[in-house]
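Observations on chain architecture
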Amino acid sequence: MSFTLATWNINSVRLREAQVTRLLGEETPDILCLQEIKSPVDKMPLEGFRALGYTHVVARGQKGYNGVAILSKLPIEDAGDRDYAALGHARHVAARLENGVVIHNFYVPAGGDIPDRAQNIKFGQKLDFLTEMRDVFAEEKPQKSILVGDLNIAPREDDVWDHKKLLKIVSHTPVEVNHLTDVMEAGGWADVTRQDIPSGKLFSWWSYRSPDWDAADKGRRLDHIWATGDIKASAHSSRILRTTRGWEQPSDHVPVFATFDL
DNA sequence: ATGGTCGACTATCGA
């Protein structure tokens, strides 16, 4: 079987219901993973998604903040969640396809402004979240698994608009990149997007605060699609849909796609 | 070096 999967930090699914519907209608991924839905699950607007064939939903939500959802045309079953770093936030959910493939959808904490856990509790929580991801995957040794989401880290020099300028900016500091590398190694994860697009600047997020985002292009690649080593060779056709950032009242993130032949 | 903009929901907090 072949399926196309997308991941998108939507920054309020209720405000941007029409944009989700537009993406589903125009791009027709089989599975769409959303982050920052900012809604309890029972207040998610699902009717329009259902009408387009996305009848299977696995989600975790909360009022006002965070929240992750997996919308699927293919049958999926709920494969659970975990409260990483004991924050009490809805930042992870997993689903299982009928062929046994597990999809993990993550919204890693942004980590605040100061990259020092002694001065900024949020930065410590981000590192602790990543450390627990490392430990869980070291224990689980995941197979036939896909991990997507807003990981809030741009690991490579060409994942940011200016590597040197961002070395002390949260999302691109060496300590965060090292933590993310540890997660990848513990789980045997491969970066599918960079497997397909191995070089060149690649961004999935542009700040709302940056004027003229398109021309200035001060972006970062914060949104990722990974796969375990046993299925990484089945992934192809990765792309980042930059155009949604130019839609009216956009999310600051854009969707990332990959296709798997399994 | 600083401030810049959003979204949730009322006054700030989180990003």
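Remember, it's a predicted structure, so these values are computed and weren't measured experimentally.

1. A short note on the sheet that holds strand β3 (residues 56–60)
The mixed open sheet is built from 6 strands, whose spatial order is β3-β4-β2-β1-β14-β13. Of all strands in the sheet, those with a lone pairing partner are β3 and β13 (235–240), marking the two edges. Between one strand and the next, the sheet's axes are offset by a mean angle of 15°, whatever the strand orientation. Note that β13 and strand β14 (residues 256–261) share 4 bridges and pair antiparallel. For H236, the partnering residue across the bridge sits in β14 and is T259.

2. Quick look at the UniProt feature "domain: Endonuclease/exonuclease/phosphatase" (unreviewed entry) in chain A
Those places that UniProt annotates as "domain: Endonuclease/exonuclease/phosphatase" (unreviewed entry) correspond, in this numbering, to residues 6–253. In residues 6–253, the share of helix is 25% and the share of strand is 24%. The end C-alpha atoms are 12 Å apart.

3. Considerations on the UniProt feature "site: Important for catalytic activity" (unreviewed entry) in chain A
Here the UniProt-annotated "site: Important for catalytic activity" (unreviewed entry) positions come out as D223. Along the polypeptide, D223 turns up in strand β12 (residues 223–228). Setting aside anything within four residues of it in sequence, one finds D223 in contact with N9, Q35, G149, D150, S204, H253 and V256. Polar contacts involving the side chain of D223 include one to the side chain of S204, which spans 2.6 Å.

4. Focus on the protein's contact with DNA strand B
What surrounds DNA strand B is a group of 15 residues, the closest being S12, R16, K122, Y208 and R209. Here, DNA strand B places atoms within 4 Å of the protein, and 63% of those atoms are sugar or phosphate. R16 places a polar side-chain atom, nitrogen or oxygen, 3.0 Å from a phosphate oxygen of DNA strand B. Here the surface near DNA strand B is built from residues that sort into 5 nonpolar, 4 polar and 6 charged.

5. Brief notes about the sheet that holds β12
The strand order across the open sheet formed by 6 strands is β5-β6-β7-β8-β12-β9, and the pairing between neighbours is mixed. Of all strands in the sheet, those with a lone pairing partner are β5 (76–78) and β9 (189–191), marking the two edges. Sheet twist, expressed as the average angle between the axes of neighbouring strands with direction ignored, equals 25°. Of the pairings in the sheet, the one linking strand β7 (residues 102–107) to strand β8 (residues 145–150) comprises 6 bridges and is parallel in character. What sits directly across from I103, in β8, is I146.

6. Some remarks on the pairing of β14
The side chains of a regular strand alternate between both faces of the sheet. Burial runs high along β14: 5 of the 6 residues are buried. Inspection of the sheet shows strand β1 (residues 2–9) paired to β14 by 6 bridges, in the antiparallel sense. Paired with F3 across the bridge in β14 is F260.

7. What about the packing of aromatic side chains?
Summed over all chains, the structure comprises 10 aromatic pairs. Taking the centre distance of 5.1 Å and the plane angle of 35° together, the rings of Y84 and F129 count as tilted. Of this pair, Y84 sits in the loop between β5 and β6 (92–97) while F129 sits in helix α3 (residues 121–140), placing them 45 residues apart in sequence. Both residues of the pair, Y84 and F129, count as buried. Ring centres of W189 and W226 lie 6.3 Å apart, and the angle between their planes is 45°; this geometry places the pair in the tilted category. Residue W189 is located in strand β9, and its partner W226 is located in strand β12; the two are separated by 37 residues in the primary sequence. Like W226, W189 is buried.

Conventions we followed
- Residues numbered from 1 in each chain as written.
- Chains lettered and ligands numbered in written order.
- Predicted model: local features only at pLDDT ≥ 70, side-chain atom pairs only at ≥ 80, totals over all residues.
- Heavy atoms only, no water.
- Pairing = 2+ DSSP bridges.
- Helix = DSSP H or I, 4+ residues; strand = E, 2+ residues; numbered from the N terminus.
- Axes fitted to C-alpha atoms, helices over the stretch in contact; angles between N-to-C directions.
- UniProt positions renumbered as here; feature names shortened; annotations may be inferred.
- Contact = heavy atoms within 4.5 Å.
- Polar contact = N/O pair within 3.5 Å; in protein donor to acceptor, adjacent residues only side chain to side chain.
- Near = heavy atom within 4 Å.
- Nonpolar A, V, L, I, M, F, W, Y, C, P; charged D, E, K, R; others polar.
- Buried < 20%, exposed > 50% of the residue type's maximum accessible area, 1.4 Å probe, protein only.
- Phe/Tyr/Trp six-rings, centres within 6.5 Å; stacked < 30°, edge-to-face > 60°.

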